[in-house]
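# Geometric and topological summary
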2 protein chains.
Amino acid sequence: MNLPKRADLSDTFCPVGRSAELLGDRAVLLILRDLFFGRRRFESIAVNTGLGPQLVSARLKLLEGEGVVGRHAYQDRPLRHEYRLTAKGKDLFDVLYAMRNWAEQWAYAPGETGGGPAMRYIHRACGADVGTSTACPGCGVPLGYGDLKGEPSPALSAEQAAKSG
Amino acid sequence: MNLPKRADLSDTFCPVGRSAELLGDRAVLLILRDLFFGRRRFESIAVNTGLGPQLVSARLKLLEGEGVVGRHAYQDRPLRHEYRLTAKGKDLFDVLYAMRNWAEQWAYAPGETGGGPAMRYIHRACGADVGTSTACPGCGVPLGYGDLKGEPSPALSAEQAAKSG
DNA sequence: ATAGTAACTATGATAATCATAGTGACAAGT
DNA sequence: ACTTGTCACTATGATTATCATAGTTACTAT
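All values derive from a computational prediction rather than experimental measurement.

Below, the discussion takes up the relation of the copies chain A and chain B. Each copy superposes on the other: chain A lies on chain B with an RMSD of 0.0 Å after a rotation of 180° and an axial shift of 0.0 Å. The transformation relating the two chain copies, once decomposed into turn and shift, fits a two-fold axis. The share of interface residues of chain A whose copies in chain B are also at the interface is 100%, consistent with both copies meeting through the same surface.

Quick look at the structure:
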């Protein structure tokens, strides 16, 4: 086993503290990101995040134990599993989306992304570019899991291609 | 020095990845939480978070280096500093608030907080209980840094008192 | 029979964290 | 003057976690 020895979730009554026990871990965040983007397979996650297989394995077990991801067989011979966000996991959308918004506003040097955002999001329902809003600027609907379609900037898309190729 | 050797922020173009370099750390998250609650002093943060002084020191330096917190002298003899969120730091409000909302919905056993949330938030402008919304349910205004007044549940308030006493 | 793919596990070196103790600069009390 | 106390740290050594690399299992495809 290689689960980090962290405090029990119930070690504090503070809600931010409880979230931090789970989310205060770079590997967990990167894996969640990949799951939100539809990457469900172990190898795919390991390659894209750049994390070693041992860490990915340990974190997926942790996430599964917390009920944030579920493990589902997608074939029998040989037996293979994929990982999917549960409802509890999908509800982390707001956290990851807030992280994305913050980074778009603060984490890039001027011009680094060529003018636009590193990743542009379009509201599926109405086609509007949502910018960094939490409610669609076109139709006013609050944004949640599954509502958005991401379009990576050329730089980000090149980076991802380099990893999988 | 005890700064963790993490990848450069600019190691990825993915905005969630960039945020994760900073926020994917339990200590960083707990320190930010305390700063959002108005704790500005080293000792106060160290005691409330339960982190050792060395970790607090290392993370405050990291946060200062990233421009998320500023260091300000509050007295001269002896020279003492306090830490405050910068604009870049205050903009992390949405992330911490999303973490809080998720935890309120998923991280407590039924009845653990005695019926209500672990921490209740009131919209200062109109007095409405905001629940776990991102816009005030009373007046519709989107919620941001400084808009809310927190009221800890008895359990949480007892926990905090135990730390400082 | 050999190579390939997917999902891991094992191992050892390196790095981070924790618990505990100590330091420096001063204020206040005896 | 001397002890005690406060605040913001720094130092040290033991414990843990992480990273890089290699190996394993169970198959399929050629």
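Attention shifts here to the interface of chain A and chain B. The interface of chain A with chain B comprises 43 residues on the first partner and 43 residues on the second. Counting the surface lost from both chain A and chain B, the interface buries some 4,200 Å², and carbon and sulfur atoms represent 69% of this. Counting every contact that joins chain A to chain B gives 4 salt bridges. A salt bridge links B:Arg18 to A:Glu112; the nearest nitrogen and oxygen atoms lie 2.6 Å apart.

In this structure, A:Leu23, A:Leu92, A:Val95, B:Leu23, B:Leu92 and B:Val95 are the most contacted members of the largest nonpolar core, which totals 84 residues. For A:Leu23, the residues in contact, after removing those within four places along its chain, are A:Val28, A:Leu29, A:Leu32, A:Leu92, A:Val95, B:Leu23, B:Gly24, B:Leu29 and B:Met99.

Our focus in this paragraph is the confidence of the model for chain A. The share of residues in chain A with pLDDT of 70 or more is 93%, and the mean pLDDT across the chain is 92. Across residues 1–7 of chain A, where pLDDT falls below 50, the model places 11 contacts with residues more than four positions away in sequence or in other chains.

A few words on the side chain of B:Thr113. Residues and elements named next belong to chain B. Inspection of the secondary structure assignment puts Thr113 in the loop between α6 (93–106) and β3 (119–123). We classify Thr113 as buried; its relative accessible area is 18%. Within polar-contact distance, the side chain of Thr113 engages the backbone oxygen of Gly116 at 2.5 Å. Excluding residues that lie within four positions of it along the chain, Thr113 makes contacts with Tyr108 and Ala118.

To continue, consider the domain arrangement of chain A. Residue and element names in this part refer to chain A. Taken domain by domain, chain A comprises domain 1 (9–90) and domain 2 (93–164). One C-alpha centre belongs to domain 1, the other to domain 2, and the line joining them spans 22 Å. Taken together, the contact between domain 1 and domain 2 spans 11 residues of the former and 10 residues of the latter. Of the roughly 890 Å² buried at the junction of domain 1 and domain 2 (both faces included), carbon and sulfur atoms supply 70%. Counting across the domain 1 and domain 2 interface gives 0 salt bridges. Counting across the domain 1 and domain 2 interface gives 2 residue pairs in polar contact (both at pLDDT 80 or more). Taken together, the residues that form the side of domain 1 that touches domain 2 break down as 6 nonpolar, 2 polar and 3 charged.

All names here are of chain A. The residue Asn48 is located in helix α3 (residues 42–49) in this model. For Asn48, a relative accessible area of 6% translates into the label buried. Polar contacts involving the side chain of Asn48 include one to the side chain of Arg39, which spans 3.2 Å.

Now for the packing of helix α1 (residues 15–23) of chain A against α6(B). Between α1(A) and α6(B), the shortest axis-to-axis distance is 8 Å and the interhelical angle comes to 95°. Judged by the inter-axis angle, α1(A) sits roughly perpendicular to α6(B). Contact with α1(A), carried on its side by A:Pro15, A:Val16, A:Arg18, A:Ser19, A:Ala20, A:Leu22 and A:Leu23, involves B:Leu96, B:Met99, B:Arg100, B:Trp102, B:Ala103 and B:Glu104 of α6(B) and no other residues of that element. Taken together, the residues of the contact of α1(A) with α6(B) sort by class into 9 nonpolar, 1 polar and 3 charged.

Analysis parameters
- Residues numbered from 1 in each chain as written.
- Chains lettered and ligands numbered in written order.
- Predicted model: local features only at pLDDT ≥ 70, side-chain atom pairs only at ≥ 80, totals over all residues.
- Heavy atoms only, no water.
- Least-squares fit on C-alpha atoms with pLDDT ≥ 70 in both.
- Contact = heavy atoms within 4.5 Å.
- Buried area = accessible area lost by both parts, 1.4 Å probe.
- Salt bridge = Lys/Arg side-chain N within 4 Å of Asp/Glu carboxyl O.
- Core = buried A, V, L, I, M, F, W, Y, C linked by side-chain atoms within 4.5 Å.
- Buried < 20%, exposed > 50% of the residue type's maximum accessible area, 1.4 Å probe, protein only.
- pLDDT = per-residue confidence, 0-100.
- Helix = DSSP H or I, 4+ residues; strand = E, 2+ residues; numbered from the N terminus.
- Polar contact = N/O pair within 3.5 Å; in protein donor to acceptor, adjacent residues only side chain to side chain.
- Domains from an automatic or database assignment.
- Nonpolar A, V, L, I, M, F, W, Y, C, P; charged D, E, K, R; others polar.
- Axes fitted to C-alpha atoms, helices over the stretch in contact; angles between N-to-C directions.
- Parallel < 35°, antiparallel > 145°, perpendicular 65-115°, else oblique.

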